[in-house]
Amino acid sequence: MTDNASSPRSRTPLTVLGAGAMGSALVRAWLAAGHPVTVWNRTPARAEALAAEGAAVARSAAEAVAANRLVIVCLLDDASVGSALETADLTGRDIVDLTTGTPAEGRTRAAWAEACGARFLDGGIMAVPPMIGSPDSGAYVFYSGSSALFEEHRDTLAVPAGTTYVGTDPGFAALHDVALLSAMSGMFAGVFHAFALVRHEDIAPKDFAPLLEGWLKAMAGLVHNAADQLESGDFHRNVVSNAAMQATGNGTLLRTAEEQGVSAELLTPYMVLMDRLVAAGRGDEDTTGMVDLLLKAPGTN
Ligand code: NDP
């Protein structure tokens, strides 16, 4: 009997280093799709828990790397990746590093892996573990680095989450990942300030949450206007809410925080930067010019 393309035996076998919350979710998704998976974890019990679900457990990272050409790494941070792979022979391996790191760490790790004889793809996971392996969850992974590796394994990589390849620069996956995470930080800073404002009032958080969600979704579309202004360099184009008006409005936000007994510590850095834009005589522009005020001159910290 011969295997056809969709039979489990024909699915690419792979190794996963790391059986933490995310690594385990990845392993389960590949096992469920019929991929033979070898797993290694520093603390063996976490990998052994996956053996009952069909994973082969390796006793060392080196043994796990030797088991399969395709090696997925999902460890705490880049330093853990370095220590896990220290004794492994990477010759001829395809390393896909889904560990969250900085762009520079991605580039350095890629150069190191290539010097060890491997192809390298960096990844940034835009999901939490329960979203992995669930096609409708919206989970996806940014990939960058070896396009040959990505093309060869794209079907396998698409099993746990969607795939978005952002270029051959191995730092770009991390850059996209961290940029989106940074935007999320700012969003939650605003969300928590808003909840604090209504915290001691007769306003139930569960009644307030849908209002917050609707407002944030309505405002989110303005990122496209900002992108248009950044690409054209024309910050007077399609001005929606000029900076001088918004800076004045910030005073209302701060006085309301004061009235409600709420610290404005999550908001003030944003407002200080807006004041700088207005003080530079740019009050008639949109606030998008604040992007370039954030850029540090080369060589400064
Ligand atoms: P966990 O804390 O659940 O697991 C961490 C993993 O790293 C474990 O396998 C742990 O092994 C291993 N580890 C830590 N230090 C070392 C070391 N020095 N040497 C070898 N292995 C080490 O984290 P997650 O699984 O949730 O996260 C893994 C990666 O996925 C991180 O980079 C994270 O940023 C990323 N990620 C996670 C998301 C999430 O919501 N969980 C979302 C998006 C990305 P041990 O069991 O022995 O401690």
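Since the model is a prediction, treat every value here as computed from it, not as a measurement.

**Thoughts on the site of the ligand**
And then number 1: Every one of the 21 residues lining the ligand counts as a neighbour, but Met22, Asn41, Thr43, Arg46 and Thr100 are closest to it.
And then number 2: Between Asn41 and the ligand, the recorded distance is 2.5 Å, taken from a side-chain N or O atom to an oxygen atom.
And then number 3: One nitrogen or oxygen atom from the main chain of Leu76 is found 3.0 Å from an oxygen atom belonging to the ligand.
And then number 4: In isolation the ligand has 890 Å² of accessible area, and contact with the protein removes 76% of it.

**Observations regarding the side chain of Gln229**
And then number 1: With respect to the helices and strands, the residue Gln229 is situated in helix H9 (residues 223-232).
And then number 2: Ignoring anything within four residues of it in the chain, the contact list for Gln229 reads Asp234, Phe235, Arg237, Asn238, Val239, Asp286 and Thr288.

**Some words on empty space enclosed by the protein**
And then number 1: Per the stated rule, a full pass over the model turns up one cavity of 30 Å³ or more.
And then number 2: Around the largest cavity sit Asp78, Asp97, Thr99, Thr100, Gly101, Thr102, Glu105, Gly106, Arg109, Phe120, Asp122 and Ala174, which together line it.
And then number 3: The element best represented in the lining of the largest cavity is helix H5 (residues 103-115), accounting for three residues.
And then number 4: Residue composition of the lining of the largest cavity, by class: two nonpolar, five polar and five charged.

**Side note on the domain arrangement of the protein**
And then number 1: Split by domain assignment, the protein resolves into domain 1 (8-169) and domain 2 (176-294).
And then number 2: With centres defined by C-alpha atoms, the gap from domain 1 to domain 2 works out at 37 Å.
And then number 3: Taken residue by residue, the interface counts eight residues in domain 1 and five residues in domain 2.
And then number 4: Taking both sides of the interface into account, the surface hidden between domain 1 and domain 2 amounts to around 500 Å²; carbon and sulfur atoms contribute 76%.
And then number 5: Summed over the shared surface of domain 1 and domain 2, the result is zero salt bridges.
And then number 6: The tally of links between domain 1 and domain 2 comes to zero residue pairs in polar contact (both at pLDDT 80 or more).
And then number 7: Taken together, the elements giving at least two residues each to the side of domain 1 that touches domain 2 come down to strand S6 (119-126) and strand S7 (140-145).
And then number 8: A per-element tally of the side of domain 1 that touches domain 2 places S6 first, with three residues.
And then number 9: Its residues assigned to classes, the side of domain 1 that touches domain 2 shows five nonpolar, three polar and no charged.

**Quick notes on the pattern of salt bridges**
And then number 1: Applying the stated criterion to the full structure yields twelve salt bridges.
And then number 2: When the shortest N-O distance is used, the salt bridge between Glu285 and Arg282 registers 2.9 Å.
And then number 3: Judged by its relative accessible area of 7%, Glu285 is buried.
And then number 4: Through salt bridges with shared partners, a single network forms among Arg69, Asp94, Arg119 and Glu152.

**A few points about the packing of helix H7 (residues 172-198) against helix H8 (residues 205-220)**
And then number 1: At a minimum axis distance of 11 Å, the contact between H7 and H8 shows a crossing angle of 145°. Here the hand of the crossing between H7 and H8 comes out right-handed. Touching Met187, Val191, Ala194, Phe195 and Val198 of H7 are Pro205, Phe208, Ala209, Leu212 and Leu216, all from H8.
And then number 2: When grouped by side-chain class, the residues that make up the contact of H7 with H8 number ten nonpolar, no polar and no charged.

Procedures and definitions
Residues numbered from 1 in each chain as written. Predicted model: local features only at pLDDT ≥ 70, side-chain atom pairs only at ≥ 80, totals over all residues. Heavy atoms only, no water. Near = heavy atom within 4 Å. Polar contact = N/O pair within 3.5 Å; in protein donor to acceptor, adjacent residues only side chain to side chain. Areas by Shrake-Rupley, 256 points an atom, 1.4 Å probe, with all protein chains shown as cover. Helix = DSSP H or I, 4+ residues; strand = E, 2+ residues; numbered from the N terminus. Contact = heavy atoms within 4.5 Å. 1 Å grid on protein atoms, 1.4 Å probe; cavity = no way out; pocket = protein on both sides within 12 Å on 5 of 7 lines; lining within 4 Å. Points joined across faces, edges and corners; volume = space filled by probe spheres on them. Nonpolar A, V, L, I, M, F, W, Y, C, P; charged D, E, K, R; others polar. Domains from an automatic or database assignment. Buried area = accessible area lost by both parts, 1.4 Å probe. Salt bridge = Lys/Arg side-chain N within 4 Å of Asp/Glu carboxyl O. Buried < 20%, exposed > 50% of the residue type's maximum accessible area, 1.4 Å probe, protein only. Axes fitted to C-alpha atoms, helices over the stretch in contact; angles between N-to-C directions. Left-handed = near helix turned anticlockwise from the far one by under 90°.

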